[in-house]
Each structure stands twice: as structure tokens, then as C-alpha cells.
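Residue-level listing of the chains:
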Amino acid sequence: MNGFSVAKTIRRGLETLAAISLLLMMLITFVDVTGRYFFNAPVMDLLSSSKYCSQ
């Protein structure tokens, strides 16, 4: 059956949400590590934000 499938749409939405969450965690970690080692100024509370994204 071609056309609209609710399960396919929900799955696609959840896949997109998971991909965005992973990208945000990677970006948060990159910014924190870059700030800590190159500028000696880590961004506060990024670790807790990354933990929040992974739950």
C-alpha cells in the first residue's frame, strides 16, 4: 500500500529526534573540550546539559 503510513511517519520523527539529540551532545562536548583546553575557560553546566540530552 503506497501513501501515508502513521507508523512510518512516527518512526521517521523519532529517528530525526534521536539524530538531533546526538548532534547536540557532540556539539556540547566539543565546545566544552575546546574551551577547557585551548582557552582555559570551560563553559559552566554543559556537562549536565549533555547528560540531560542522553536520558
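Residues numbered from 1 in each chain as written. Predicted model: local features only at pLDDT ≥ 70, side-chain atom pairs only at ≥ 80, totals over all residues. Heavy atoms only, no water.

A. View of the overall build of the chain. For the chain, the helix and strand inventory stands at two helices and zero strands. Put simply, the chain has 55 residues, and 13% of those count as buried. Surface summary for the chain: the accessible area is close to 5,000 Å², and the carbon and sulfur share equals 68%. (Helix = DSSP H or I, 4+ residues; strand = E, 2+ residues; numbered from the N terminus. Buried < 20%, exposed > 50% of the residue type's maximum accessible area, 1.4 Å probe, protein only. Areas by Shrake-Rupley, 256 points an atom, 1.4 Å probe, with all protein chains shown as cover.)

B. Up close: the UniProt feature "transmembrane region" (unreviewed entry) in the chain. Mapped onto this structure's residue numbering, the UniProt feature "transmembrane region" (unreviewed entry) falls at residues 17-39. Secondary structure content for residues 17-39 is 96% helix and 0% strand, while the C-alpha to C-alpha distance between its ends is 32 Å. (UniProt positions renumbered as here; feature names shortened; annotations may be inferred.)

C. View of a nonpolar patch on the surface. A cluster of nonpolar side chains, Ile20, Leu24, Leu27, Phe30, Val31 and Val43, forms an exposed patch at the surface whose accessible area comes to about 530 Å². If you trace the backbone, valine 31 turns up in helix α1 (residues 6-38). (Patch = residues over 30% accessible without salt bridge, like charges linked within 9 Å, V, L, I, M, F, W, Y side chains within 5 Å. Salt bridge = Lys/Arg side-chain N within 4 Å of Asp/Glu carboxyl O.)

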